[in-house]
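Architecture at a glance
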There are 2 protein chains.
Amino acid sequence: MTNVDYKKEQISNSEWQVMRIVWSLGQTTTNELIKYLNRKETWQPSTVKTLVFRLEKKGYLTDDGVSRGRKFSALISESSAMLEAGDNLFSSMCAMKNGMVLNHLLEELELSKKDIEIMIGTLEKKLPNAAKEVACNCLPGEEGDCK
Amino acid sequence: MTNVDYKKEQISNSEWQVMRIVWSLGQTTTNELIKYLNRKETWQPSTVKTLVFRLEKKGYLTDDGVSRGRKFSALISESSAMLEAGDNLFSSMCAMKNGMVLNHLLEELELSKKDIEIMIGTLEKKLPNAAKEVACNCLPGEEGDCK
DNA sequence: CTTTTAAGTCTACAAGTGTAGACTATAACT
DNA sequence: AGTTATAGTCTACACTTGTAGACTTAAAAG
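Residues numbered from 1 in each chain as written. Chains lettered and ligands numbered in written order. Predicted model: local features only at pLDDT ≥ 70, side-chain atom pairs only at ≥ 80, totals over all residues. Heavy atoms only, no water.

1. Comments concerning the protein's contact with DNA strand D
For DNA strand D, the set of nearby residues contains 23 residues, the closest of which are S12(A), T50(A), K58(A), S67(A) and R68(B). When atoms of DNA strand D within 4 Å of the protein are sorted by moiety, sugar and phosphate together comprise 54%. In this structure, N31(B) approaches DNA strand D through a side-chain N or O atom, which is 3.0 Å from a phosphate oxygen. Contacts to DNA strand D include R68(B), whose side-chain N or O atom sits 2.4 Å from a base oxygen. Elements that contribute at least two residues to the surface near DNA strand D include exactly α1 (13-25) and α3 (45-58) of chain A together with α2 (30-37) and α3 (45-58) of chain B. (Near = heavy atom within 4 Å. Polar contact = N/O pair within 3.5 Å; in protein donor to acceptor, adjacent residues only side chain to side chain. Helix = DSSP H or I, 4+ residues; strand = E, 2+ residues; numbered from the N terminus.)

Dropping the structure here:
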């Protein structure tokens, strides 16, 4: 069995908040994390420390080993984490309705001109070879689409 | 305090699998669920029963109260569940990179001609008013974008 | 060098999740 | 009516997650 379907440990919601600070600062200390997160969450310093600890254990953060005031940095880029999260979500939902969800997101999310242009390009390139219908994959086996 | 930010209980991963069958069949029994899920998961019948029980408790499923062979049905549509899941994911990630993730999904996911056309329409309508840049909202407070 | 502060580590604990066995009561069969 | 199969309910247990207090030790201050 190859390693292809190896499932990395998830970044939990709270952990995600920590990662975003690290990704933004590039490199950070526990204190800085506590300071920033204090503006967004109501966490005690201990909570942040626990989260950092877990993220290191899961392999998403490392530190420089200095005994006081360690510098942490991410072992995964924000972009790949985001892509993975996106893939993950969509791969577990009904394929037939993915388009609808995407369209909704395109409508609701703030997007830059450039993003929009890129996406139009992507879609236009895709259009010619697109199928009439995407099959529903909700029911294991062959039978019926979801409503 | 209004109810606006009331947080519904999450549908967990395993529960999601159950819901997909219910959504597809419109109405179903425990046995049918066990039968279908048996093709996708390696769950024991008990596992399915637990999942169904939890989904009823969380308010996502109801049954017709018949003592044997109850019929279950969903209390939430698959579409709204999916939309919610999508919103949820994207609202917790970096706004600046949302476009990139969406583009990746547009590239990778199977989409129907019609979906694509709709989305191109959405994007074209959006383009004129789109900003040059979407600000990064990773750091609480004002300072700096994430990389 | 002693004291203090706080960074880092351990422990904790409730709720949620994945997974499933054990038990109970009811419908169906003889 | 008595027996049986099994749908439905309870209980269980390990692991993850959210959240945080307690303890230890090294660095900073006096």
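2. Some points on the interface of chain A and chain B
Facing the 69 residues of chain A at the interface are 69 residues of chain B. Buried surface at the junction of chain A and chain B, both sides included, amounts to about 6,600 Å², of which 64% is carbon and sulfur. Considering only the surface of chain A that becomes buried against chain B, M82(A), L123(A) and P140(A) emerge as the three largest contributors, covering 10% of it. Applying the counting criterion to the chain A and chain B interface returns two salt bridges. One salt bridge connects K97(A) with E78(B), and the closest N-O pair in it is separated by 3.2 Å. Applying the counting rule to chain A against chain B returns 30 residue pairs in polar contact (both at pLDDT 80 or more). Going through the elements one at a time, α1, α4 (78-91), α5 (95-108) and α6 (113-126) of chain A are the ones with two or more residues in the side of chain A that touches chain B. Of the residues forming the side of chain A that touches chain B, the biggest block, 14 residues, is contributed by α5(A). (Contact = heavy atoms within 4.5 Å. Buried area = accessible area lost by both parts, 1.4 Å probe. Salt bridge = Lys/Arg side-chain N within 4 Å of Asp/Glu carboxyl O.)

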